[in-house]
Amino acid sequence: MIEDLWYKNAVFYCVSVETFMDSNGDGVGDFEGLTRRLDYLHGLGVTAIWLMPFQPSPGKDDGYDVSDHYGIDPRYGTLGDFVEFAHGAKQRGMRVIIDLVVNHTSDQHPWFQSARLDPKSPYRDWYVWSKTKPKDADEGMIFPGVQVTTWTKDAKAGAYYFHRFYDHQPDLNTANPHVQAEILKIMGFWLELGVSGFRMDAVPFVIAEKGAGIEKPKQQFQMLRLFRQFIQWRRGDSIVLAEANVAPEETINYVGDDSDRLQMMFNFHVNQNLFLAMATERTEPLVKALMETRGLPDTAQWGLHLRNHDELDLGRLAPEDRDKVFAAFGPEETHQLYHRGIRRRLAPMLDGDERRLKLAYSLLFTLPGVPVIRYGDEIGMGDDLSLPERYCARTPMQWSDEPHGGFTKSDTPVMPVITDGPYGYPHLNAAYQRRNADSLLNWLERMIRMRKEIPEVAWGDLVPVDTGAEAILALRYDWRGNSVLFLHNLSAKPCEVHFRTGLDDKPLVDLLGHDHRKPDDGNTFSVLMEPYGLRWYRVGGLDYLLTRSEI
Ligand code: GLC
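Residues numbered from 1 in each chain as written. Predicted model: local features only at pLDDT ≥ 70, side-chain atom pairs only at ≥ 80, totals over all residues. Heavy atoms only, no water.

A.B. asks: What's the story with the overall build of the protein chain in this structure? I'm lost.
C.D. replies: Scanning the protein chain for helices and strands turns up 17 helices and 21 strands. Whereas a compact globule of 551 residues would reach a radius of gyration of roughly 24 Å, the protein chain reaches 24 Å, a difference of no more than 12%. Over its C-alpha atoms, taken along the principal directions, the protein chain stretches across nearly 80 × 50 × 45 Å. For the protein chain, the proportion of its 551 residues judged to be buried stands at 61%. (Helix = DSSP H or I, 4+ residues; strand = E, 2+ residues; numbered from the N terminus. Rg over C-alpha atoms; globule rule 2.2 N^0.38 Å. Buried < 20%, exposed > 50% of the residue type's maximum accessible area, 1.4 Å probe, protein only.)

Now the structure itself:
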């Protein structure tokens, strides 16, 4: 049955093993620590865990520079610990997906070491070489300002190698059938160890033609079909969630119009326009982005995020719109990164204002797709701007008011725990929030619980409802004869709205409070929205509980 597609209505949670929980007191998070925290994640309502890279790595890009795709960084534990973790997640009904970083490897990877030392090495053609420096070597850097080129000369190889990212991350020659076969082998390995799929890193670059002198690289979309077929042959319910920050019209090439490519993609387009809408208190850019990314095939799904481990990338907004988001959420130079994004965590971007945090989360849960929550954001963690680049938003999880936030018993945590100020662990930690019924954490847990009871968001048809107020977002979803309606006030001012739901006189039942509504004679509803207010309504009462038995 189509409802078996678990990822269509999941709640993802993104974890870095290194900074989540240290069980053995060496200052570094590990699989055993993470395993001990599975009940916390289960209690929050998480149904799928996304693990960031945990394989052996020199750690020059937080693990996105893998030096052995079949192993575990010994600092995090052993393969045995991984399997115990995967089992613990499964026992609690949670899926696990892992980062799959195959656009490039670390320059320390034995494949690259062999490739550079010997032109006859079987691995030579696993990477992308040029005898001379290509003309476009100073174009297309992903980390401008930090990265100066995309082609670097390797003295031992006597040639230039291509690297879309940092120079220590040589690109794999993904057009090489041996490389493709190896990628499948890596996926097969982890599927066998219990994962349900992959968050695939940098997908547009994985499938791009690579080489010197290629002006307009073509995308090799058939590769995505190969990946999809392989993982589903090995494990029918496994998925790929693509990191592909592409224009909306490109989407269909990634998911395939015959549902034959990737199952999920992050909706970066909606993400940027969501922040623009919040910055300008105008729903228009968000509604436009929602319309532009509507109509995925039934078996595909959007992953939605507020923040992730990278900068909030605003690169696809018009410069004047980007400036508005900078002004609202990252006005200082130290907040910004690579001239295109904001490197802060969510809570400080919103000045720690709980009303706005709840608004942002409520939007995350009610836009089309499934939420992907970043660890620590559920308690409103802050950032440490003294750390370089994106590291500022990667500090350890704050569990309690014990030293180092209860993350480790060591005095030298792998990353400094936020200690001072309003976001310091003495004030801001999971233990305190669990005891406090009104905390963000407990609110979020209730919201997740309710969201799971509203499959319409994941499966239904989206219908924007006109309220005539530019700050009030009203979205309706219809699915199998049931409808829900969500209202959000993006503005700091209260606003009374009058609107028709499009479903005549069916009353609105408030799912989060007691603000139920009946229409007036003309089938118009009136709702007074407080600043940053939100409402989740079921249209037509709770009869749906009966009709849902069709499911
Ligand atoms: C992706 C990751 C990012 C990493 C890059 C290179 O964009 O999200 O953190 O630096 O790939 O692997």
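A.B. asks: Before we go on, may I ask you to explain the site of the ligand in this structure?
C.D. replies: Close to the ligand lie Asp61, Tyr64, His104, Phe143, Phe165, Arg199, Asp201, Glu243, His309, Asp310, Arg390 and Arg394, which account for all nearby residues. Note that an oxygen atom of the ligand is positioned 2.9 Å from one of the side-chain N or O atoms of glutamate 243. Protein contacts shield 96% of the accessible area of the ligand, which totals 300 Å² for the unbound molecule. Residue composition of the shell around the ligand, grouped by class: three nonpolar, two polar and seven charged. (Near = heavy atom within 4 Å. Polar contact = N/O pair within 3.5 Å; in protein donor to acceptor, adjacent residues only side chain to side chain. Areas by Shrake-Rupley, 256 points an atom, 1.4 Å probe, with all protein chains shown as cover. Nonpolar A, V, L, I, M, F, W, Y, C, P; charged D, E, K, R; others polar.)

A.B. asks: Please clarify how the sheet that holds strand β12 (residues 336-337) should be interpreted in this entry.
C.D. replies: Consider a sheet: its strands pair through backbone hydrogen bonds, and that pairing is either parallel or antiparallel. If you walk across this open sheet you meet the three strands as β11-β13-β12, and the pairing is antiparallel. Edge positions in the sheet fall to β11 (312-313) and β12, since each has one partner strand and no second. Summarising the sheet, β12 and strand β13 (residues 341-342) pair through two bridges and their orientation is antiparallel. Looking across to β13, one finds that glutamine 336 is bridged to isoleucine 342. (Pairing = 2+ DSSP bridges.)

A.B. asks: I tried to follow the confidence of the model for the protein chain on my own but got confused; where do I start?
C.D. replies: Segments scoring low in pLDDT should not have their predicted coordinates read at a detailed level. Per-residue pLDDT for the protein chain has a mean of 96; in total, 98% of the residues score no lower than 70. Here residues 544-551 scores under 50 on pLDDT; set against residues more than four positions off or in separate chains, the count is 11 contacts. (pLDDT = per-residue confidence, 0-100. Contact = heavy atoms within 4.5 Å.)

A.B. asks: How should the packing of aromatic side chains be read in this particular structure?
C.D. replies: Within a pair of aromatic rings, the relevant descriptors are the distance that separates the centres and the angle that separates the planes. Evaluated as defined, the whole model comprises 36 aromatic pairs. Ring centres of phenylalanine 82 and tryptophan 190 lie 5.1 Å apart, and the angle between their planes is 75°; this geometry places the pair in the edge-to-face category. Linking phenylalanine 82 in helix α3 (residues 79-91) with tryptophan 190 in helix α5 (residues 177-192), this pair joins segments that are 108 residues apart in sequence. For the cation-ring pair, lysine 8 lies above tryptophan 459, with the distance from its terminal atom to the ring centre recorded as 4.8 Å. Between arginine 37 and the ring centre of tryptophan 399, over which it is positioned, the NZ or CZ distance is 4.4 Å. (Phe/Tyr/Trp six-rings, centres within 6.5 Å; stacked < 30°, edge-to-face > 60°. Lys NZ or Arg CZ within 6 Å of the ring centre and 35° of its normal.)

A.B. asks: Help me understand α3 in this model?
C.D. replies: An α-helix turns once per 3.6 residues; consequently, residues spaced three or four apart project the same way. Compared with the 18 Å implied by 1.5 Å per residue over 13 residues, the 18 Å span of α3 between its first and last C-alpha is a close match. Those residues of α3 that sit buried are Phe82, Phe85, Ala86, Gly88 and Ala89. End-on view of α3: buried residues confined to an arc of 160°, all on one side of the axis. With respect to the buried face of α3, the exposed residues turned more than 90 degrees away are Glu84, Lys90 and Gln91. Looking at the buried positions of α3, the neighbouring elements they touch are α1 (31-36), α2 (38-44), β2 (48-51), β3 (95-100) and α5. At the C-terminal side of α3, glycine 93 shows a positive phi close to 80°. (Expected span 1.5 Å × (residues − 1). Arc of directions from axis to C-beta.)

A.B. asks: Is there a simple way to explain the nonpolar core in this structure?
C.D. replies: Soluble globular proteins tend to bury their nonpolar side chains together. Counting 128 residues, the largest nonpolar core has Tyr13, Phe31, Leu51, Phe54, Phe82 and Met397 as its most contacted members. Residues in contact with methionine 397, not counting those within four places in the same chain, are Tyr13, Thr19, Phe20, Tyr40, Tyr375, Gly376, Glu378, Ile379, Met381, Gly405, Phe407 and Ala430. Judged by nonpolar contacts, the second largest core, of 19 residues, contains Tyr7, Ala10, Met52 and Leu241. (Core = buried A, V, L, I, M, F, W, Y, C linked by side-chain atoms within 4.5 Å.)

A.B. asks: Would you mind going over the sheet that holds strand β16 (residues 472-479) with me for this structure?
C.D. replies: Read from one edge of the open sheet, five strands run β15-β16-β17-β21-β19, paired in antiparallel fashion. Single-partner strands in this sheet number two, and they are β15 (461-464) and β19 (508-510). Along the sheet, successive strands turn relative to each other by an average axial angle of 30°, direction set aside. Where β19 lies against strand β21 (residues 534-539), three bridges are found, and the strand directions are antiparallel. By the bridge assignment, leucine 508 is partnered in β21 with valine 539. (Axes fitted to C-alpha atoms, helices over the stretch in contact; angles between N-to-C directions.)

A.B. asks: Even after reading the chapter, I still don't get the environment of phenylalanine 326, so can you show me in this structure?
C.D. replies: Inspection of the secondary structure puts phenylalanine 326 in helix α11 (residues 319-329). Judged by relative accessible area, phenylalanine 326 falls into the buried class, the value being 8%. In sequence terms phenylalanine 326 and leucine 314 are 12 residues apart; their C-alpha atoms lie 9.1 Å from each other. Not counting chain neighbours up to four residues away, the residues in contact with phenylalanine 326 comprise Leu314, Pro331, Gln336, His339, Arg340, Gly341 and Ile342.

A.B. asks: Could you clarify how one ought to interpret the packing of helix α13 (residues 354-366) against helix α15 (residues 440-452) in this entry?
C.D. replies: Here α13 crosses α15 at 20°, and the two axes come no closer than 11 Å. Relative to α15, α13 is oriented roughly parallel. The handedness of the crossing between α13 and α15 is right-handed. The segment α13 lies against α15, with Glu354, Leu357, Lys358, Tyr361, Ser362 and Phe365 engaging Leu440, Trp443, Leu444, Met447, Ile448 and Arg451. By residue class, the composition of the contact of α13 with α15 is eight nonpolar, one polar and three charged. (Parallel < 35°, antiparallel > 145°, perpendicular 65-115°, else oblique. Left-handed = near helix turned anticlockwise from the far one by under 90°.)

A.B. asks: Can you walk me through the pairing of strand β17 (residues 482-489) in this structure?
C.D. replies: Each regular strand carries side chains that alternate between the two faces of the sheet. Summarising burial for β17: eight of the eight residues are buried, a large majority. Alternating positions in β17 separate into two faces, Asn482, Val484, Phe486 and His488 on one and Ser483, Leu485, Leu487 and Asn489 on the other, with burial throughout. With eight bridges joining them, β16 and β17 adopt antiparallel strand pairing. The partner of arginine 476 across the bridge, within β17, is leucine 485. Counted along the chain from β16 to the antiparallel partner β17, the turn is two residues long, and its residue arginine 480 has a positive phi close to 50°. As defined by bridge partners, β17 adjoins β21 across six bridges and the pair is classed as antiparallel. Across the sheet, residue leucine 487 finds its bridge partner in β21, namely arginine 535.

A.B. asks: What exactly am I supposed to notice about helix α4 (residues 110-117) here?
C.D. replies: Taken as a whole, α4 has its buried residues at Trp111, Phe112, Ala115 and Arg116. The buried residues of α4 occupy one face: seen down the axis, they fall within an arc of 120°. Structural note: α4 exposes Pro110 and Leu117 on the side pointing more than 90 degrees away from its buried face. Of the surrounding secondary structure, the elements contacted by the buried residues of α4 are β4 (129-130), β5 (151-154), β6 (159-162) and α5.

A.B. asks: Explanation requested: the pattern of salt bridges in the structure shown.
C.D. replies: Opposite charge on two side chains permits them to pair, given that their charged atoms come into close proximity. Within this structure, the stated rule accounts for 31 salt bridges. Across the pair arginine 355 and aspartate 353 runs a salt bridge whose closest N-O atoms are separated by 3.1 Å. Judged by relative accessible area, arginine 355 falls into the partly exposed class, the value being 43%. Its salt-bridge partner being glutamate 530, residue arginine 535 comes within 3.1 Å of it at the nearest N-O pair. Overlapping salt bridges, with partners in common, bring together Asp61, Asp62, Asp310, Arg390 and Arg394 in one network. (Salt bridge = Lys/Arg side-chain N within 4 Å of Asp/Glu carboxyl O.)

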